[in-house]
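Structural overview
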Amino acid sequence: MKAQCSYIPISIATLTDGAMLGLDIYQRLQPGLPATLLFSRNEPIDLHQLPAPNSCVNRRVLICRQDRDQYEQYLKNNWGRILDDPNVPVANRLSVMNEVVRDVMNGEFHQGDIQSIVSSANEVAENTVRFLNSGQLHLRQLSEVLHHDYTTFTHSTNVSFYCTLLAGHLGYSQQEQKEIAIGGLLHDLGKLEISERILKKPDRLNWEEYCLLQRHPITGFEKLADNEEVSFGQLMMAYQHHERIDGSGYPCGVRGSDIHPWAKICAVVDVFEAITSERPYRVPLSNSEAAELLDKGRGREFDTEMLDAWLEIIMQSERLDVTRSHRTTVSVVA
Ligand SMILES: [Fe+2]
């Protein structure tokens, strides 16, 4: 055991037999007891060494905070395999997917190199879309593992996942969903040019700040327009995701069929993500409250087909959740 080690928990579900993580893994058998070494950094993981291995799927072990980068690197190298592993609970796999994509986008957005951002978005979308199409999850499960803070990379990550769900529900192919997922990751790229002070300002923006904010679809378009990896639809997601069906949006005020369908998808989930997340000036809405609010923009702000499909996804998820909690109640009573 290391002296002076500050521990952070990791999910046992992300570990597989034989994996070499290159970091020490600890367990704490009871609260208050000191952590003890489980696997040293030079030995492979042997899950059978864990007590009660069949019941440990949701349990956590500990690593030193200073080894966090090493653990994240392990996740990035192995997340495709973890997402495909039926022995890992869906919630854990969703969590791994979210942590990896969010972490990759965080790093890329902070570096600010457009080519690198586009390449990384292409890389992460493959696993994401495959997993989100595996038919084992619903919106509530997904939104429960997502972060809901107001950073551009978190927002973009969440919007990308939601775009994939909506595109899948609308019948787009997995290849199209992948392109739309990438577009979701890139849609707010123009915000990289706007200061945090404006993006996180708790008070009403002044006119100058408001104009600056409204330029971000144009800036995003300019950043992506020359990139050969970016398709027309993805470009339109960045350029038109604040356009509205009745022409009341920005930056151009185009309406109806002049708005690209992928931008219409992005518009619905972009607003949903924003109103269900923490903002400096208000509390997040629940999924059903958000559905009610979105519905007020039917045919005026949002395309009816896209909105209906998204509301259906929300309602299905809420119904499943009610069924799930009902089942839990019954089994507890029984
Ligand atoms: Fe935006």
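A short tour of the structure in this document, coming up. (Residues numbered from 1 in each chain as written. Predicted model: local features only at pLDDT ≥ 70, side-chain atom pairs only at ≥ 80, totals over all residues. Heavy atoms only, no water.)

**Side note on the overall build of the protein chain**
Stated precisely, the cut-off is as follows: Here a strand is any run of E in DSSP of at least two residues, a helix any run of H or I of at least four, and the numbering for each starts at the N terminus. Atoms counted for the radius of gyration: C-alpha only. Globule rule: 2.2 Å times residue count to the power 0.38. For every residue, the accessible area (1.4 Å probe, protein chains only) is compared with the maximum for its type, and the residue is labelled buried under 20%, exposed over 50%, or partly exposed between those bounds. Only heavy atoms enter the contact rule, under which two residues are in contact if any of them lie within 4.5 Å. Note that accessible areas follow from Shrake-Rupley with a 1.4 Å probe, and for residues the cover is restricted to the protein chains shown. Two residue types count as positive, namely Lys and Arg, and two as negative, namely Asp and Glu; His and chain ends fall outside the count. All charge positions are set by atom: Lys at NZ, Arg at CZ, Asp at CG, Glu at CD.
Looking only at helices and strands, one finds 13 helices and four strands in the protein chain. Here the C-alpha radius of gyration of the protein chain, 22 Å, is about what a compact globule of 334 residues would show, namely 20 Å. A buried classification covers 50% of the 334 residues belonging to the protein chain. Considering only intrachain contacts with a sequence separation of at least 6, the fraction spanning at least 24 residues in the protein chain is 67%. For the protein chain, the exposed area adds up to about 16000 Å²; of that, 50% sits on carbon and sulfur atoms. Positive and negative charge centroids in the protein chain, built from 32 and 45 side chains respectively, lie 5 Å apart.

**Some words on the nonpolar core**
Stated precisely, the cut-off is as follows: The set of buried Ala, Val, Leu, Ile, Met, Phe, Trp, Tyr and Cys residues whose side-chain atoms join them within 4.5 Å is what this entry labels a nonpolar core.
Counting 83 residues, the largest nonpolar core has Leu-21, Ile-25, Leu-94, Met-97, Met-105, Leu-224 and Trp-310 as the members making the most contacts within it. Cys-5, Tyr-7, Tyr-26 and Cys-64 belong to the second-largest nonpolar core, a separate cluster that totals six residues.

**Here's the deal with the pattern of salt bridges**
What counts, and what does not: Just to be clear on terms, a salt bridge is a Lys or Arg side-chain nitrogen sitting within 4 Å of an Asp or Glu carboxyl oxygen.
Under the counting rule described, the total for this entry stands at 19 salt bridges. A salt bridge links Arg-102 to Asp-149; the shortest N-O distance between them is 3.2 Å. Here the residue Arg-102 occupies a position in helix α2 (residues 90-111), and Asp-149 occupies one in the loop between α4 (139-145) and α5 (152-169), the gap between them amounting to 47 residues. Here Glu-318 and Arg-140 are joined by a salt bridge, their closest N and O atoms 2.8 Å apart. One end of the pair, Glu-318, is in helix α13 (residues 304-333); the other, Arg-140, is in helix α4, with 178 residues separating them in the sequence. One connected set of salt bridges, linked through shared partners, spans Asp-24, Arg-41 and Asp-67.

**Side note on the coordination of the iron ion**
Quick reminder of the rule: A donor here means any N, O or S atom no more than 2.8 Å from the metal (3.2 Å for Na, K and Ca); water is not included, so a site may seem to lack partners. Donor angles set the geometry label: tetrahedral for four donors if every angle is between 85 and 135 degrees, square planar for four and octahedral for six if opposite donors exceed 155 degrees and the others are between 65 and 115, irregular for anything else.
Asp-188 (OD), His-216 (NE2), His-241 (NE2) and His-242 (NE2) make up the full set of protein donors to the iron ion, lying at 2.2 to 2.3 Å. Here the iron ion is ringed by four donor atoms whose angles at the metal span 85 to 170 degrees, and the overall shape comes out irregular. Read from N- to C-terminus, the donor residues coordinating the iron ion fall into the pattern D-x27-H-x24-H-H. Within this pair, whereas His-216 is found in helix α9 (residues 216-224), its partner His-241 is found in the loop between α10 (232-240) and α11 (261-275), the two being separated by 25 residues in sequence. Among the residues examined, His-241 registers a relative accessible area of 0% and is labelled buried.

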